[in-house]
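Tertiary structure, described
Listed below, chain by chain, are the residues.
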Amino acid sequence: MNESKEPVLRVTDLRTYFPVRSKGLFPKTIGQVKAVDGVSFMVHPGQTLGLVGESGCGKSTTGRSVLRLVEPTSGHIEFDGVDVTNLSHKEMVPIRRKAAMIFQDPYNALNPRHTVGAIISAPFSVQGVTPPGGVRKAVKELMERVGLNPEHYNRYPAEFSGGQRQRIGIARAVALRPRFIVCDEPVSALDVSIQAQVINLLRDLQDEFGIAYLFVAHDLAVVRQISHQVAVMYLGHVMELATREDLYARPLHPYTHALLSAIPIPDPRAQKQREHIMLSGDLPSPAAPPSGCVFHTRCFQAQDICAVEKPEPTEFEPGHQVACHFPIEEFLGTKEIIGPDPGLTPRLGADGSPTGEYEGSNDLIRELGTDYGAGPNTPIDPGPAIWR
Ligand SMILES: Nc1ncnc2c1ncn2[C@@H]1O[C@H](COP(=O)(O)OP(=O)(O)OP(=O)(O)O)[C@@H](O)[C@H]1O
Ligand code: SF4
Ligand SMILES: [Mg+2]
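To keep things clear, this report deals only with the structure shown in the data block. Source: prediction; values computed, not measured. Chains are numbered independently. Their residues run from 1 in the order of the written sequence. For naming, the first written chain is A and the first written ligand is 1, with later ones following in the order written. Under the rules for a predicted model, residues below a pLDDT of 70 receive no local features and side-chain atom pairs below 80 are neither given nor counted, while totals for whole chains, interfaces and linings still include all residues.

1. Regarding the sheet that holds strand 7 (residues 180–184)
Here we have 8 strands laid out as an open sheet, ordered 6-7-8-3-9-10-12-11, and mixed in their pairing. The open sheet is flanked by strand 6 (99–102) and strand 11 (314–317), the only strands paired with a single partner. Each strand of the sheet is rotated relative to its neighbour by a mean of 20°, with strand direction disregarded. Taken together, the 5 bridges between strand 3 (residues 48–52) and strand 8 (residues 212–217) define a ladder with parallel strand orientation. Residue pairing across strands places T48 opposite Y213, the latter belonging to strand 8. Strand pairing is assigned whenever DSSP identifies at least 2 bridges connecting the two strands. Helical segments are the DSSP runs of H or I of at least four residues, strand segments are the runs of E of at least two, and each set is numbered from the N terminus. What counts as an axis is a line fitted to C-alpha atoms, over the stretch in contact for a helix, and the angles between N-to-C directions run from 0 to 180 degrees.

2. Structural notes on the nonpolar core
Core membership is restricted to buried Ala, Val, Leu, Ile, Met, Phe, Trp, Tyr and Cys residues, and these are joined into a nonpolar core through C-beta atoms within 7 Å. Put simply, a residue is buried when 20 or more other C-beta atoms lie within 10 Å of its own C-beta and exposed when 12 or fewer do; between those, it is partly exposed, and each C-beta is set from the backbone. Formed by 89 residues in total, the largest nonpolar core has its most connected members in A171, I181, F215 and V232. For I181, the contacting residues outside a window of four places in its chain are A100, M101, I102, A173, I211 and Y213. By definition, residue pairs are in contact when their C-beta atoms, positioned from the backbone, come within 7 Å.

3. Section: the packing of helix 4 (residues 116–127) against helix 5 (residues 135–145)
Packed helices, taken two at a time, are described by the angle their axes make and the gap between the axes. Where helix 4 meets helix 5, the axes come as close as 10 Å, and the angle between the chain directions of the two elements is 115°. It follows from the interaxial angle that helix 4 and helix 5 lie roughly perpendicular. Crossing handedness for the pair helix 4 and helix 5: right-handed. For the pair formed by helix 4 and helix 5, the contact residues are G117, I120, S121 and F124 on the first element and V135, V139, L142 and M143 on the second. An angle counts as roughly parallel when it lies under 35 degrees, as roughly antiparallel when it exceeds 145, as roughly perpendicular when it falls between 65 and 115, and as oblique in every other case. We call a crossing left-handed when the near helix sits turned anticlockwise from the far one by less than a right angle, and right-handed when that turn is clockwise.

4. Description of the site of ligand 1
What makes a residue near a molecule or strand is its C-beta atom, placed from the backbone, lying within 6 Å of it. In the vicinity of ligand 1, 13 residues are found, and the nearest of them are F18, A35, S55, S60 and T61. Where the shell around ligand 1 is concerned, the elements lending two or more residues are strand 2 (29–43) and helix 1 (59–66). Broken down by element, the shell around ligand 1 gets its largest block of residues, 3 residues, from helix 1. Lys, Arg, Asp and Glu make up the charged group, whereas Ala, Val, Leu, Ile, Met, Phe, Trp, Tyr, Cys and Pro make up the nonpolar group; the residues left over, Gly among them, are polar. Partitioning the shell around ligand 1 into residue classes produces 5 nonpolar, 7 polar and 1 charged.

5. A look at the sheet that holds strand 1 (residues 9–21)
Backbone hydrogen bonds are what pair the strands of a sheet, in a parallel or an antiparallel way. Taking strand neighbours across the sheet as the criterion, the 4 strands line up as 2-1-4-5 in an open arrangement whose pairing is antiparallel. A strand with exactly one partner marks an edge of an open sheet, and here the two such strands are strand 2 and strand 5 (82–83). Pairing geometry for strand 1 and strand 4 (residues 74–79), over 5 bridges, is antiparallel. Looking across to strand 4, one finds that T12 is bridged to H76. Against the sheet, helix 1 engages strand 1, strand 2 and strand 4, with an angle of about 115° to strand 1.

See below:
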């Protein structure tokens, strides 16, 4: 990761609470859903931060809050060095030119009564931008770029498949060449074989335009394909934040460890031998989160202190932040025992020699893309053997 660049997005102690109201004629606020409860992270230009966690843990609310599509309760959001936390609707207009969103459900995200041409050209008209050669030409180029037939300019969303509709959503999101896109479960509604194609497209666009993504998903295997860094969320909190290589090879948080142990792997023998950590109990309500560590009611290594004292996010190793009193000992201090992630390619210097740094490439996903659709539920990239 290129740490030297300033982050495009810096989020500090973000909280987004929703009021819980009583029923009846005169509803009163009787509590709060703490959807996002003090999260901090950065996203760097041209990089992807994957945000992963169970349903209801606050992923979408985080994504929407950073774009100010829902109003945060407190905290700070800095976009391109500008504090946008309290900007007015009008002041947000130029920011919105540089930030976009791709939604989970391509069926609902597109207006069925608008043609594809009208949908993709909307950002130009909303922002009053006329691209060189005109909007129609730009939209047709965009359609071609995302793998749609430009001759289908006047067709309606209903005439496209799920994958094609997501391409329409992606074309709309990249129309103004944004610096940052929140991708909220962009492939979750798609068939497995189509997922790889859409992830490929997102990665190609990232490489081409240097876009930063906040990639929200509940599927750790999918997040692994595209992320440079991964944040694991649980009940409104970021439990672990690390580079992709560190998180998947050496999870330090018990929750991450449990999530990873649930990913199926293709080798039946390895699958049989591998420890599968079952989480006890149900996900607590974010309206009444547990005391201390919010994960303590389900944690397999909780101790008395966990119910009392909230663990603060701590950098246990460089770039590897964990909110836990008792991180997984097996992996602590084991940094650098594996090589670089196979999904990364060495970054070359001007003279063509390796710089020692790595960057995301499409090689792995392209490779996987070929057998991705081999059968239903084909497991994808199981990751290094160390956590099997
Ligand atoms: N507008 C809202 N009003 C009240 N509560 C909300 C609102 N939006 C989200 N919530 C609640 O906030 C919590 C977090 O929701 P959020 O949609 O951010 O989770 P998520 O991680 O994206 O889940 P999923 O994986 O199902 O999409 C949930 O308990 C949800 O019910
Ligand atoms: S702080 Fe305690 S309960 Fe929370 S994850 Fe760590 S060990 Fe488990
Ligand atoms: Mg969501």
